[in-house]
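Structure assessment
Single-letter residue listing:
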Amino acid sequence: TEVAPGAVHVPDWLPRDAQRDLVRACRRWATGPIPMRHQVLPGGGVMSVKSVCLGWEWDAYTYVRELRGVPVPPVPPELRALATRALAEVGYTPDFDAEIALVNFYDDAARMGMHQDRDEESRAPVVSISLGDSCRFRFGNTEHRGQPYTDLTLESGDLFVFGGPSRLAYHGVVRTFPGTGPTDIDLPRGRLNITIREKG
Ligand code: MD3
Ligand code: FE
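The present account deals with the structure reproduced in this document. All of these numbers come straight from a predicted model, not from anything done at the bench.

Some points on the layout of surface pockets
- Each pocket or cavity is described by its volume, and for the largest pocket that value is around 820 Å³.
- Contributing to the lining of the largest pocket are 39 residues, with Met112, His115, Asp117, His171 and Arg197 lying nearest its centre.
- For the lining of the largest pocket, the class distribution of residues is 18 nonpolar, 13 polar and eight charged.

This is the structure in structure tokens:
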């Protein structure tokens, strides 16, 4: 379903066993050389979401190759392949360099305020995969945080691709719905979101 120009939502895209494999991989990445953590924003705010980066680390609004001397692990081939498959599926060119993967974990109270993703120079699409609890996702406009926006439910296994004019749209996660995730993917609580990006 094309939710807005360039924004394609494919509900229940990823089979259950592949979801479980991804959850387990996220757990490994989260406990790697740069452990999953709450990002601190330049203004001193702390994000309620916890995140871990592959390929490039995000450090106060810029992408870096290492964090305090520790090299960022590469984006694994399985995620690169997943991104290529996702783009082909929704009709985007698979000519895409999956340079960055960002894994966000939401506990029951975590949210993500309305923002634009403009730290990448590339205007290639962003590929997003949701796992675990459902959430209310707010997809807005390219001008400002406020209305008009559309609220959608993202569920475990959903694919969302944001390309074209939607690439710079404001978006956020209003809330999650605790306890709504599948019980057989080894994620007893919370929500994971993986975004795969080209840095440019
Ligand atoms: C629309 N993550 O990491 S994924 C983020 O569910 C982020 O964790 C949310 O926003 C999450 O930056 C939303 C959906 C998403 C990701 C990237 C986008 C929507 C987007 C980039 C441009 C437009
Ligand atoms: Fe974002």
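Considerations on the sheet that holds strand β3 (residues 37–40)
- Strand order in the open sheet formed by eight strands is β1-β2-β14-β11-β16-β9-β4-β3, and the pairing between neighbours is antiparallel. This sheet does not close on itself; its edge strands, each paired only once, are β1 (2–4) and β3. Recorded for the sheet is a direction-independent mean angle of 30° between the axes of neighbouring strands.
- Judged from the seven bridges that link them, strand β9 (residues 100–106) and strand β16 (residues 191–197) form a sheet pairing that is antiparallel. In the strand pairing of β16, Tyr106 is matched with Arg191.

Concerning the packing of aromatic side chains
- For the coordinates displayed, the defined rule picks out five aromatic pairs.
- Consider the rings of Phe160 and Phe162, whose centres lie 4.3 Å apart with planes at 15°: the pair is stacked.
- The buried category is assigned to Phe160, whose relative accessible area is 1%.
- Positioned above the aromatic ring of Trp56 is the side chain of Arg65, whose terminal nitrogen or guanidinium carbon lies 4.4 Å from the ring centre.

Some remarks on the sheet that holds strand β12 (residues 134–139)
- Here four strands make up an open sheet; going across it, the order is β10-β15-β12-β13 and the pairing antiparallel. Of all the strands in the sheet, just β10 (112–115) and β13 (150–154) have a single pairing partner and so form its edges. Put simply, the sheet's adjacent strands are angled 25° from each other on average, direction ignored.
- Sheet analysis places β12 next to strand β15 (residues 171–177), joined by six bridges and oriented antiparallel. Looking at the pairing, Arg136 lines up with Arg175 of β15.

So, the coordination of the iron ion (ligand 2)
- The protein atoms donating to the iron ion (ligand 2) are His115 (NE2), Asp117 (OD), Asp117 (OD) and His171 (NE2), with metal-donor distances spanning 2.0 to 2.7 Å.
- Viewed at the metal, the six donor atoms of the iron ion (ligand 2) are separated by angles of 51 to 175°, and the geometry they form is irregular.
- Accessibility expressed as a relative area gives 16% for His171, which makes it buried.

Thresholds applied
Sequence order as written defines the numbering, with residues in each chain counted from 1. Lettering of chains starts at A and numbering of ligands starts at 1, both following the order in which they are written. For a predicted model such as this one, the threshold for reporting local features is a pLDDT of at least 70, and the threshold for listing and counting side-chain atom pairs is 80 or more; totals across whole chains, interfaces and linings nevertheless cover every residue. The basis for every side-chain value is the complete set of heavy atoms in the structure, and neither hydrogens nor water enter the calculation. Grid points spaced at 1 Å and placed over the protein atoms alone form the basis of the search, with a cavity being a set where a 1.4 Å probe fits but cannot get out and a pocket an open set showing protein on both sides within 12 Å along at least five of seven lines. Lining residues have an atom within 4 Å of a point. Grid points are joined across faces, edges and corners, and a volume is the space filled by probe spheres set on the points. Residue polarity is assigned by list, with Asp, Glu, Lys and Arg as charged and Ala, Val, Leu, Ile, Met, Phe, Trp, Tyr, Cys and Pro as nonpolar; anything else, Gly included, falls into the polar class. Should DSSP find at least two bridges between two strands, the strands are regarded as paired. Helix numbering and strand numbering both begin at the N terminus, where a helix is a DSSP run of H or I of at least 4 residues and a strand a DSSP run of E of at least 2. To define axes, lines are fitted to C-alpha atoms, for helices over the stretch in contact only, and angles between the resulting N-to-C directions are given on a 0 to 180 degree scale. Each Phe, Tyr or Trp ring (for Trp, its six-membered ring) is paired with any other whose centre lies within 6.5 Å, and the angle between the two planes then decides the class: stacked below 30 degrees, edge-to-face above 60, tilted in between. Each residue's exposure class comes from its accessible area (1.4 Å probe, protein chains only) as a fraction of the maximum for that residue type: buried when under 20%, exposed when over 50%, partly exposed otherwise. Cation placement over rings: the criterion is NZ of Lys or CZ of Arg within 6 Å of the ring centroid and within 35° of the ring normal. Because water is not among the atoms used, a metal site may look incomplete, as its donors are only the N, O and S atoms within 2.8 Å, or 3.2 Å for Na, K and Ca. Square planar and octahedral assignments, for four and six donors respectively, both demand that opposite donors be over 155 degrees apart and that all other angles lie between 65 and 115; tetrahedral needs four donors with all angles between 85 and 135 degrees, and anything else is irregular.

Remember, this is a structural readout, not a statement about activity or role.
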